Amino acid sequence: MKRNFCTLIFVLICLLCAAQDFQFKSQEWFLPNLNDADTIVSMIFAGDIMGHAPQFKAAYNADTKEYNYDICFKNIKQYIAEIDFAVANLEVPIDGEPYSGYPNFSSPDALLDALKNAGYNVLLTANNHVADRGAHGIKRTIEQVQKRSFRYAGSYLSTAQKDTIYPLILTKNNFKIALLNYTFSTNGNPVNKPLLVNIIDTLQIISDLQKAETIADFTIVCIHWGEEYKTQANASQRKLATIMVKNGADLIIGGHPHVVQNAEYLINTKNRKVPIFYSVGNSISNQRNLNTDGGIMVRVKISTKSKRILETSYLPVYVYKGTLDGIFQYHLIPTPDFIFAPEKFKIPIADSTSLMIFDKNTQNRLKDFKILY
């Protein structure tokens, strides 16, 4: 009893301190004055969409014999609702039955439906699990992604197909954004021709960046790299980031380590700040160890007139595995929402503590960036 009381006091203190911190940050929140000739393009980037076996088991309804993941994303929909392009890393093949978890993933089609219903419209497919289920898994994933009208980058049915849609060009009001996507590996699983997966190759990336510069106004690199569970970027990541910024990348979003890594600004050849998020962590997964139980959603607002980022912020999102609103699932909980109104999320004290620890650790790693809420 005494232990539970002490834990409760700890959580309350954390909530009070965090609320004060968020209030201070909100006073800094502003947008520069824009004239009639300017337009804002908004984008949001989420982390790894994983598909461990307990996740698809939780999504199964024994009465209807169907899978549904919609409840997982219920609490983040409001942050995606007004976004032009919402991007997530699909780190699980959609290969049909039998469904499987680690190490060779395959999740139900319903996962894509839930991502679509949540507001995501761009998926990344170049990651180390893309070939877990072989050629059939690569093909079927692309087919199911296309069937739901997602834009995507990273894996392709053939060279001819890739040449027609890569770099991925996202357009709003004639403003063109090129999105590039690469992975360090496919876990030793072969990707045989005609199939293609974009593998990290410095010369190829430079070539792609140069091509993007001729056809787009702004270039983003989404890249699968780094060391798993390390909260700081390594020398290889920093070196490659420098090369990409030097050759035209305006924003870099990283993934794979399954934790939120540090982030920083690098200065490009136009003397502008380029945000580098080395790893945005897990969007949703069954991983429960320290720092793996959540991720961030990075939001940027880009000016079509100046062709530069006006604003960069991030939203910490905790993955709560448990019962919420009477439903056992993997619930994504934005930490600011919990901090300001914990009564809306009736979760156990142990989970509240884990959420606050995740939030604190994340903020400490991202001190140069604002919180989104």
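The structure presented is a predicted model; accordingly, all values stated were derived computationally and were not measured.

**Focus on helix 10 (residues 349-365)**
Next up, step 1: For helix 10, which comprises 17 residues, the first-to-last C-alpha distance of 24 Å matches the rise-based estimate of 24 Å (1.5 Å per residue) to within 8%.
Next up, step 2: Every buried residue of helix 10 is accounted for by Asp351, Ser352, Thr353, Leu355, Met356, Phe358, Asp359, Thr362, Gln363 and Arg365.

**Here we look at the environment of isoleucine 76**
Next up, step 1: Mapped onto the elements, isoleucine 76 comes out in the loop between strand 3 (66-67) and helix 3 (77-80).
Next up, step 2: Along the primary structure isoleucine 76 and valine 317 are separated by 241 residues, whereas in three dimensions their C-alpha atoms are 8.4 Å apart.
Next up, step 3: Not counting the four nearest positions on each side in its chain, isoleucine 76 is found in contact with Tyr120, Met297, Val317, Leu332 and Pro334.

**Here we look at helix 8 (residues 235-246)**
Next up, step 1: Between its first and last C-alpha atoms helix 8 spans 17 Å; for twelve residues at 1.5 Å apiece the expected length is 16 Å, and the two agree.
Next up, step 2: For helix 8, the set of buried residues is Gln237, Leu240, Ala241, Met244 and Val245. Along the axis of helix 8, the buried positions cluster into a sector of 135 degrees, meaning they face one direction only. With respect to the buried face of helix 8, the exposed residues turned more than 90 degrees away are Ser236, Lys239 and Lys246.
Next up, step 3: Against the buried residues of helix 8 lie helix 7 (202-215), strand 11 (218-224), strand 12 (251-255), strand 13 (263-267) and strand 14 (273-277).

**Considerations on the pattern of salt bridges**
Next up, step 1: Taken as a whole, this structure holds seven salt bridges when the rule is applied.
Next up, step 2: Where aspartate 109 meets arginine 140, a salt bridge forms, and the shortest distance between an N and an O atom there is 2.9 Å. Linking aspartate 109 in the loop between strand 4 (85-90) and helix 4 (110-118) with arginine 140 in helix 5 (residues 134-147), this pair joins segments that are 31 residues apart in sequence.
Next up, step 3: On the basis of relative accessibility, which here comes to 19%, the residue arginine 140 falls in the buried class.
Next up, step 4: One salt bridge connects lysine 307 with aspartate 217, and the closest N-O pair in it is separated by 3.3 Å. Taken together, the residues lysine 307 in the loop between strand 16 (294-303) and strand 17 (308-324) and aspartate 217 in the loop between helix 7 and strand 11 connect sequence positions 90 residues apart.

**Re the packing of aromatic side chains**
Next up, step 1: Across all of its chains, the model carries twelve aromatic pairs by this definition.
Next up, step 2: Aromatic side chains tyrosine 60 and tyrosine 67 sit 5.0 Å apart centroid to centroid with 50 degrees between the ring planes, which places their arrangement in the tilted category.
Next up, step 3: Judged by relative accessible area, which is 25%, tyrosine 67 ranks as partly exposed.
Next up, step 4: In this structure an aromatic cluster arises from ring pairing among Phe56, Tyr60, Tyr67 and Tyr99.
Next up, step 5: Residue placement shows lysine 116 over the ring face of phenylalanine 150; its charged tip is 4.8 Å from the ring centre.
Next up, step 6: Over the aromatic face of tyrosine 265 sits the side chain of lysine 273, whose NZ or CZ is 4.9 Å from the ring centroid.

**Observations concerning the confidence of the model for the protein chain**
Next up, step 1: Summarising the model, the protein chain shows a mean pLDDT of 92, and 90% of its residues fall at 70 or more.
Next up, step 2: Here residues 1-13 is a poorly scored stretch, pLDDT under 50, and it has eight contacts once near neighbours within four places are set aside; other chains count.

**Considering the sheet that holds strand 12**
Next up, step 1: Across the sheet, which stays open at both edges, the six strands sit in the order 8-9-11-12-14-13 with mixed pairing between neighbours. This sheet does not close on itself; its edge strands, each paired only once, are strand 8 (168-172) and strand 13. Within the sheet, the average angular offset between the axes of one strand and its neighbour, ignoring direction, is 20 degrees.
Next up, step 2: Bridge count for strand 8 against strand 9 (residues 175-183) is five bridges, and the pairing is antiparallel. Its bridge partner lying in strand 9, lysine 172 is registered against phenylalanine 175.

**Brief notes about the packing of helix 7 against helix 8**
Next up, step 1: Two elements in contact, helix 7 and helix 8, have axes separated by 9 Å at closest approach and are oriented at 25 degrees. The angle between the axes of helix 7 and helix 8 places the two elements in the roughly parallel class. Crossing of helix 7 over helix 8 shows right-handed handedness. For the pair helix 7 and helix 8, the contacting residues are Thr202, Ile205, Ile206 and Leu209 in the first and Leu240, Ile243 and Met244 in the second.
Next up, step 2: Split into classes, the residues belonging to the contact of helix 7 with helix 8 amount to six nonpolar, one polar and no charged.

**Focus: unusual backbone geometry**
Next up, step 1: That bond from glutamate 97 to proline 98 is cis: its omega, -5 degrees, falls within 30 degrees of zero.
Next up, step 2: Its place among the elements puts proline 98 in the loop between strand 4 and helix 4.
Next up, step 3: Along the chain, lysine 193 connects to proline 194 via a cis peptide bond; the corresponding omega equals 10 degrees.
Next up, step 4: For histidine 258, which is not glycine, the phi torsion reads 65 degrees and is therefore positive.
Next up, step 5: Mapped onto the secondary structure, histidine 258 falls in the loop between strand 12 and strand 13.

Calculation criteria
Residues numbered from 1 in each chain as written. Predicted model: local features only at pLDDT ≥ 70, side-chain atom pairs only at ≥ 80, totals over all residues. Heavy atoms only, no water. Helix = DSSP H or I, 4+ residues; strand = E, 2+ residues; numbered from the N terminus. Expected span 1.5 Å × (residues − 1). Buried < 20%, exposed > 50% of the residue type's maximum accessible area, 1.4 Å probe, protein only. Contact = heavy atoms within 4.5 Å. Arc of directions from axis to C-beta. Salt bridge = Lys/Arg side-chain N within 4 Å of Asp/Glu carboxyl O. Phe/Tyr/Trp six-rings, centres within 6.5 Å; stacked < 30°, edge-to-face > 60°. Lys NZ or Arg CZ within 6 Å of the ring centre and 35° of its normal. pLDDT = per-residue confidence, 0-100. Pairing = 2+ DSSP bridges. Axes fitted to C-alpha atoms, helices over the stretch in contact; angles between N-to-C directions. Parallel < 35°, antiparallel > 145°, perpendicular 65-115°, else oblique. Left-handed = near helix turned anticlockwise from the far one by under 90°. Nonpolar A, V, L, I, M, F, W, Y, C, P; charged D, E, K, R; others polar.

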